[in-house]
Amino acid sequence: MKTMDQNNYWEKRYEENNTGWDIGDVSTPLVEYLDQLENKEITILFPGAGYAFDAEYAFKKGFKNVWVADIAQTAAERFFKRVPDFPKSQFIVGDFFAMDRKFDLIIEQTFYCALPPGWRDKYVQQMHKLLTKGGKLAGVLFTFPLTEKGPPFGGSIEEYQERFSKMFKVKTLKPCYNSIKPRLGNEVFIIAEKPKD
Ligand SMILES: C[S@@+](CC[C@H](N)C(=O)[O-])C[C@H]1O[C@@H](n2cnc3c(N)ncnc32)[C@H](O)[C@@H]1O
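Each chain carries its own residue numbering, running from 1 in the direction its sequence is written. Residue-level local features of this predicted model are given only where pLDDT is at least 70; pairs of side-chain atoms are given and counted only at 80 or more, and the full residue set underlies all totals for whole chains, interfaces and linings. Side-chain measures were taken over the full set of non-hydrogen atoms in the model, leaving aside hydrogen atoms and water.

Caption draft 1: Broad picture of the packing of helix 5 (residues 120-130) against helix 6 (residues 157-164). Note on geometry: axes are lines fitted to C-alpha atoms, helical ones only across the stretch in contact, with angles between N-to-C directions running from 0 to 180 degrees. Comment: elements are numbered from the N terminus, with helices defined as DSSP H or I runs of at least four residues and strands as E runs of at least two. Close contact between helix 5 and helix 6 brings their axes to 10 Å; oriented N to C, the two are set at 50 degrees. Considered as vectors, helix 5 and helix 6 are oriented oblique to each other. The chirality of how helix 5 crosses helix 6 is right-handed. Every residue of helix 6 that contacts helix 5 at R120, D121, Y123 and V124 is listed here: E159, R163 and F164. Here the term charged refers only to Asp, Glu, Lys and Arg, the term nonpolar to Ala, Val, Leu, Ile, Met, Phe, Trp, Tyr, Cys and Pro, and the term polar to all other amino acids, Gly among them. Looking at side-chain class alone, the contact of helix 5 with helix 6 contains three nonpolar, no polar and four charged residues. Convention used here: angles under 35 degrees read as roughly parallel, angles over 145 as roughly antiparallel, angles from 65 to 115 as roughly perpendicular, and any remaining angle as oblique. Left-handed describes a crossing in which the near helix is turned anticlockwise from the far one by less than a right angle; the clockwise case is right-handed. We call two residues in contact whenever any of their non-hydrogen atoms come within 4.5 Å of each other.

Caption draft 2: Looking closely at the site of the ligand. One heavy atom suffices: a residue is near a molecule or strand as soon as one of its heavy atoms comes within 4 Å of it. In the region of the ligand, 19 residues are neighbours, and Y14, D70, D95, Q109 and T110 sit closest. Within the backbone of I71, a nitrogen or oxygen atom sits 3.1 Å from a nitrogen atom of the ligand. N or O atoms closer than or at 3.5 Å make up a polar contact, with two conditions inside protein: a donor-capable atom paired with an acceptor-capable one, and, for residues adjacent in sequence, both atoms drawn from side chains. Contacts to the ligand include T110, whose side-chain N or O atom sits 2.6 Å from an oxygen atom. Computed with a 1.4 Å probe, the accessible areas rest on the Shrake-Rupley method; for each residue, only the protein chains presented here act as cover. Look at the ligand: alone it shows 590 Å² of surface, and the protein chains cover 96% of it. The element that contributes the greatest number of residues to the shell around the ligand is helix 1 (residues 3-15), accounting for three residues. Among the residues making up the shell around the ligand, the classes are represented as 11 nonpolar, six polar and two charged.

Caption draft 3: Region of interest: the pairing of strand 7 (residues 187-193). Summary of the burial criterion: residues with accessible area below 20% of their type's maximum are buried, those above 50% are exposed, and those between are partly exposed, where the area comes from a 1.4 Å probe applied to protein chains only. For strand 7, a buried count of seven out of seven residues is recorded, marking the element as mostly surrounded by other parts of the structure. Examined bridge by bridge, strand 5 (residues 131-142) and strand 7 share seven bridges and lie antiparallel to one another. Residue pairing in the sheet places L137 in a bridge with A192 of strand 7. Both strand 6 (residues 169-175) and strand 7 contribute to a ladder of six bridges, which runs antiparallel. Counted as the bridge partner of K174 is F189 from strand 7. The criterion for strand pairing is that DSSP finds at least two bridges linking the strands in question.

Caption draft 4: How the structure looks around the nonpolar core. Only buried Ala, Val, Leu, Ile, Met, Phe, Trp, Tyr and Cys residues count toward a nonpolar core, and they belong to the same one when joined by side-chain atoms within 4.5 Å. Y33, F46, F86, L105, I107 and F189 are the most contacted members of the largest nonpolar core, which has 37 residues in total. By size, the runner-up hydrophobic cluster in this structure holds 26 residues, among which are W67, A69, F103 and F168.

Caption draft 5: Up close: unusual backbone geometry. The omega angle of the peptide bond from G150 to P151 is 0 degrees, so this bond is cis rather than trans. Here P151 is to be found in the loop between strand 5 and helix 6. The residue after P151, namely P152, is reached through a cis peptide bond having omega 0 degrees. In this fold, P152 is placed in the loop between strand 5 and helix 6. The phi angle at N17 is positive, at roughly 55 degrees, despite the residue not being glycine. Tracing the sequence through the fold places N17 in the loop between helix 1 and helix 2 (28-35).

Caption draft 6: Representation of the packing of aromatic side chains in the model. Any Phe, Tyr or Trp ring, taking Trp's six-membered ring, that has another such ring centre within 6.5 Å forms a pair; planes under 30 degrees apart are called stacked, those over 60 apart edge-to-face, and the others tilted. All chains considered together, the criterion is met by 23 aromatic pairs. Seen in terms of ring centroids, F79 and F86 are 5.1 Å apart; in terms of plane orientation they differ by 85 degrees. Their pairing is edge-to-face. For F79, a relative accessible area of 0% corresponds to the buried category. Each ring, one from F111 and one from Y123, has its centre 6.0 Å from the other, and the planes form 50 degrees; the classification is tilted. Taken together, the residues F111 in the loop between strand 4 (103-109) and helix 5 and Y123 in helix 5 connect sequence positions 12 residues apart.

Caption draft 7: Expanded view of the state of the cysteines. The rule for a disulfide is simple: a pair of cysteine sulfur atoms within 2.5 Å. On inspection of all chains with the given rule, the structure shows zero disulfides. The thiol sulfur of C113 is not disulfide-bonded, and the nearest other cysteine sulfur, from C176, lies at 13 Å. Judged by relative accessible area, C113 falls into the buried class, the value being 7%. When its relative accessible area of 8% is taken as the criterion, C176 is described as buried.

Structural measurements only, silent on function.
Right, here's the structure in full:
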């Protein structure tokens, strides 16, 4: 699938309010992860963040350098209705794969599973490119069987271990104990670090 098709696909889903992935709040695994971070100066990206409740949470908690990227204009417009004081320049309405600035931390939630499965290596490479040395990709990944039908597309711990360890040190990859109820048993928490050298 081309980026243009992706743009139209997601934009239409927002326009039609066909957003079954949206939980209307920040999820507990991300709250607990963000809450234990002490350095509020780090640069954080939330890619494919949609309505970005997680980015809003980080921003309101005092993280100074919070960035969002989403390909859908409507998601951005609705985000700004809710969070008008979020810096306009820090919500990039565009393609994650075309980005080239650096971040210390990138937060994943339902973005990996939303992309065509054939893009997964490209996703890992792009995450690696966007992170500073020693920077981390952290968040939740679904674990239900991969089928042709999606999004969301499934995956497994074994797949994630194999794919991410090609370019990252996989520090954590384990079933989530603190998932929201509808996702309990169907997601893992990952922390993958870009090697320092
Ligand atoms: C399943 S939704 C998840 C949204 C959000 N993470 C959440 O959990 O509510 C996937 C999001 O990825 C965005 N997206 C898809 N392809 C993208 C791309 N190439 N670059 C940036 N955003 C993209 C879509 O617009 C959509 O908002």
